[in-house]
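# Examining the three-dimensional arrangement
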Amino acid sequence: YVEAPLRGAAKGLRVLHSCQKPALMTRKLIDDCFRTDPRDAKRLTHDRTLEIIRDRIAVVVAPEMLRLPGALGRIAASDITAGVAVPGHTNSAVDGYAFAHEHYAGEGGSRFTIGGRIAAGDRAAEADARHALRVFTGAIVPEPFDTVAMQEDCEPDEGSVFVPAGLKRGANVRQAGEDVAAGETVVRRGEVIRAPEIAALASLGIEAVDVFRPVRVGVIATGNEVRRGGELAHGQVYDVNTPLLSALLSVSGVHVEDLGVWPDRRDEVVRRLATARDEGFDLLITSGGASQGEEDHISHALEELGSRHFWQIAVKPGRPLMLGQIGDTAVVGLPGNPVAVFVCCLMYVMPMVRQLSGAVWREPRRYPLPAAFSVPNRKLGRREFWRGTMRQTADGAVVDKFPRDGSGLISGLRAANGLIDVREDVAGVEVGQTVDFIPLSEFGILD
C-alpha cells in the first residue's frame with residue numbers, strides 16, 4: 001500500500017491505495033515514428049495502417065492523481081488492486097431471519113427460537129446455532145448461520161419464527177468477497193475509468209487514483225479561402241472541419257484547442273508550427289492541403305521543422321494522409337472533405353489519440369446485419385466506409401446505406417448512425433447480404 005498526499009484536497013487528507021507506479025518516461029515518440037518500410041511503397045491497407053499506428057505510437061502524457069469521481073473518463077496510469085474484500089463480511093441480502101441450514105427441515109419447514117437481533121452496522125454476538133437471528137439487509141450473518149429467509153415468507157410468534165420449506169443453503173446471503181476479492185485487480189493500466197469503475201473503487205475506500213493527463217491536441221484550418229462567420233466572398237467557404245474535429249475529439253477525453261485559420265504563407269505557417277511545438281502540444285491536426293503542391297505550405301513547413309511522410313491508404317473516403325512529427329509533437333494532415341475528415345478521424349486519428357493517451361488498443365465492434373440496399377460491381381482492392389443507418393423492421397434490424405457517396409455531403413453524416421465497413425475483397429452487396437455495421441456509439445457518439 002502506498003500512502004500519498006491527495007493533491008488539491010483539504011490539509012492532512014491522505015489516501016491509501018494499491019498500485020503499480022508507471023516507469024518514468026525519458027522520451028515520448030520514437031524518432032520518425034511515421035516512417036514506413038519498403039513493403040509499404042504501395043497504398044497501405046486499412047489493417048496495415050492501424051498496425052503501424054498500434055506498433056509505433058507510444059504514450060506521451062504523464063500521470064496525475066485525481067479524486068473520485070473526477071477521474072471519470074480518464075485512463076488509468078497504473079494497475080489498481082483491492083486492499084480489502086467486497087463485501088467485507090458475509091451479510092444478509094434481505095430483511096428476514098438467519099438460521100443454520102443443518103438445523104432446518106427443508107421439506108416441511110422449521111420453527112426456530114429467535115436468539116438475537118442484528119441490524120446493518122451492528123457487531124454480531126454469539127448465538128445458539130439451533131436458533132434463528134432476526135436480521136436486516138446488510139447485517140452481518142455470523143457463522144454457523146448460513147441461510148436467510150425473507151421476513152414476508154416467515155411466521156413470527158412470541159419469541160419464535162416459523163421458516164417455510166424449500167430454502168436452499170445460502171439463500172439470501174451475500175458472501176464476503178463475492179464481489180471483489182482482496183488482492184484482485186479492479187482496474188488495469190490503460191483502461192478507461194467509467195462509472196462502474198468509479199463505483200468499484202469507491203466500494204474499496206479508494207478516494208483518488210493515478211490517471212494519465214489528457215493529450216493536448218491543436219486543430220488547425222488552413223487556406224486563404226477558409227473563413228469563420230460573416231459574408232462569404234466569391235470562392236470562399238466556411239470552416240467546417242475545425243468544429244467537426246473538435247466535436248469528435250471531445251468525446252475522446254483529450255484537451256482540444258482551436259488554433260485558428262492559418263493563411264497560405266509559408267513563413268507564417270513555419271512560425272506557427274514552431275510556436276505550437278514550443279507550447280507543448282502532443283498532436284496537431286490539419287485538414288486540407290495534405291499533398292505536395294506549391295500551395296501546400298503545411299507540408300513544406302513540416303518537412304523544414306521535422307519529418308514528413310505521405311501515406312496513400314487504400315481507403316474510401318480518405319486516401320491521402322500526411323503524417324510527421326516535430327520533436328515529440330505528432331502532426332496529422334487529413335483530407336479536406338468533411339466526410340473524409342469524419343471517417344479518417346474515427347478510424348485512424350482516434351486510435352492514435354488512444355495510443356498517445358496510454359489507453360489499451362481497442363477495435364470498434366462490428367455487428368453483422370442484413371443489408372436493405374444493393375451496390376453492384378464495387379471496385380476491389382480498397383476498404384470503404386459507407387454512411388449507414390440501422391433501423392428496426394418486423395423481421396429484425398437491417399442496415400440502409402445513404403444513397404449518395406460524395407465526400408462533401410454533410411447530410412450523409414447527419415442521416416447516419418453508423419458506418420458500413422466494406423472489406424477489400426467484397427465485389428458488391430445485395431439486399432439481404434450480411435454487412436459489418438459499426439455504430440457511431442462505438443466512438444462515443446450518441447445517436
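Everything below is about the structure printed above this text.
What comes next concerns the included structure. (Residues numbered from 1 in each chain as written. Predicted model: local features only at pLDDT ≥ 70, side-chain atom pairs only at ≥ 80, totals over all residues. Heavy atoms only, no water.)

## Things to note about the overall build of the protein chain
The helix and strand inventory of the protein chain stands at 7 helices and 28 strands. Expected size for 447 residues packed as a compact globule is a radius of gyration near 22 Å; at 30 Å, the protein chain overshoots this value by more than 25%. The principal-axis extents of the C-alpha atoms in the protein chain amount to approximately 95 × 60 × 50 Å. When burial is assessed residue by residue, the protein chain has 47% of its 447 residues classed as buried. Each charge class in the protein chain was averaged separately, 52 positive and 59 negative side chains, and the resulting centres sit 5 Å apart. (Helix = DSSP H or I, 4+ residues; strand = E, 2+ residues; numbered from the N terminus. Rg over C-alpha atoms; globule rule 2.2 N^0.38 Å. Buried < 20%, exposed > 50% of the residue type's maximum accessible area, 1.4 Å probe, protein only. Lys, Arg positive; Asp, Glu negative; His and termini not counted. Charge placed at Lys NZ, Arg CZ, Asp CG, Glu CD.)

## Some thoughts on the pattern of salt bridges
Taken as a whole, this structure holds 30 salt bridges when the rule is applied. The residue glutamate 384 makes a salt bridge to arginine 382 at a minimum N-O spacing of 3.1 Å. The salt bridge involving arginine 383 is made with aspartate 421; its shortest N-O contact spans 2.6 Å. Of the two residues, arginine 383 sits in strand S25 (residues 383-393) while aspartate 421 sits in strand S27 (residues 418-422), which places them 38 residues apart along the sequence. According to the relative accessible area criterion, arginine 383 is buried, its value standing at 1%. In this structure, a network of salt bridges that share partners links the residues Asp47, Glu363, Arg366, Arg383, Asp421, Arg423 and Glu424. (Salt bridge = Lys/Arg side-chain N within 4 Å of Asp/Glu carboxyl O.)

## A few points about the layout of surface pockets
Taken as a whole, the largest pocket encloses approximately 770 Å³ of empty space. Taken together, 29 residues make up the lining of the largest pocket; nearest its centre are Val192, Val251, Arg354, Arg362 and Glu442. A total of 7 residues in the lining of the largest pocket trace back to one element, the largest contributor, which is helix H6 (residues 338-357). Across the lining of the largest pocket, the residue classes break down as 14 nonpolar, 8 polar and 7 charged. (1 Å grid on protein atoms, 1.4 Å probe; cavity = no way out; pocket = protein on both sides within 12 Å on 5 of 7 lines; lining within 4 Å. Points joined across faces, edges and corners; volume = space filled by probe spheres on them. Nonpolar A, V, L, I, M, F, W, Y, C, P; charged D, E, K, R; others polar.)

## As for the sheet that holds strand S8 (residues 132-135)
Ordered in space as S9-S6-S8-S7-S11-S10, the 6 strands form an open sheet in which the pairing is mixed. A strand with exactly one partner marks an edge of an open sheet, and here the two such strands are strand S9 (147-150) and strand S10 (155-157). With direction set aside, neighbouring strand axes in the sheet form an average angle of 35 degrees. Of the pairings in the sheet, the one linking strand S6 (residues 96-99) to S9 comprises 4 bridges and is antiparallel in character. Residue pairing in the sheet places alanine 98 in a bridge with valine 148 of S9. (Pairing = 2+ DSSP bridges. Axes fitted to C-alpha atoms, helices over the stretch in contact; angles between N-to-C directions.)

## Thoughts on the pairing of strand S26 (residues 396-401)
The pairing of S25 with S26 spans 6 bridges and is classified as antiparallel. Paired with arginine 391 across the bridge in S26 is valine 398. From the end of S25 to the start of S26, which pair antiparallel, there are 2 residues.

## Things to note about the environment of leucine 380
Relative to the assigned elements, leucine 380 resides in the loop between strand S24 (367-370) and S25. In sequence terms leucine 380 and valine 422 are 42 residues apart; their C-alpha atoms lie 10 Å from each other.

## Considerations on H6
Along its length, H6 shows its largest kink, about 45 degrees, at cysteine 345. For H6, the tally of buried residues reaches 19 of 20 residues, placing the bulk of the element in the interior. Looking one or two residues beyond H6, the residue adopting positive phi is glycine 358, at roughly 90 degrees. (Bend = angle between axes of the 7 residues up to and from the residue.)

## Points about the packing of aromatic side chains
Counted under the stated rule, the structure contains 3 aromatic pairs. Between the aromatic rings of phenylalanine 99 and phenylalanine 112, the centroid separation amounts to 5.3 Å while the plane-to-plane angle is 25 degrees, which identifies the pairing as stacked. With phenylalanine 99 in strand S6 and phenylalanine 112 in strand S7 (residues 110-118), the pair connects residues that are 13 residues apart, well separated along the chain. Take phenylalanine 112: its relative accessible area is 3%, and that puts it in the buried class. Summarising the aromatic geometry, the rings of phenylalanine 373 and tryptophan 386 are spaced 6.0 Å apart at their centres and angled 75 degrees between planes, so their arrangement reads as edge-to-face. Of this pair, phenylalanine 373 sits in the loop between S24 and S25 while tryptophan 386 sits in strand S25, placing them 13 residues apart in sequence. Each member of the pair, phenylalanine 373 as well as tryptophan 386, is classed as buried. Taken together through their ring pairs, the aromatic side chains of Phe99, Tyr104 and Phe112 make up a single cluster. (Phe/Tyr/Trp six-rings, centres within 6.5 Å; stacked < 30°, edge-to-face > 60°.)

## Some points on the sheet that holds strand S19 (residues 283-287)
Pairing within the open sheet is mixed, and its 6 strands lie in the order S18-S15-S19-S23-S22-S20. Two strands close off the open sheet at either side, each with one partner strand: strand S18 (255-262) and strand S20 (307-312). Each neighbouring strand pair of the sheet contributes to a mean axis angle of 20 degrees, computed without reference to strand direction. Here helix H5 (residues 297-305) sits on the sheet in contact with strand S15 (216-222), S18, S19, S20, strand S22 (320-326) and strand S23 (329-334), set at roughly 30 degrees to S22. (Contact = heavy atoms within 4.5 Å.)

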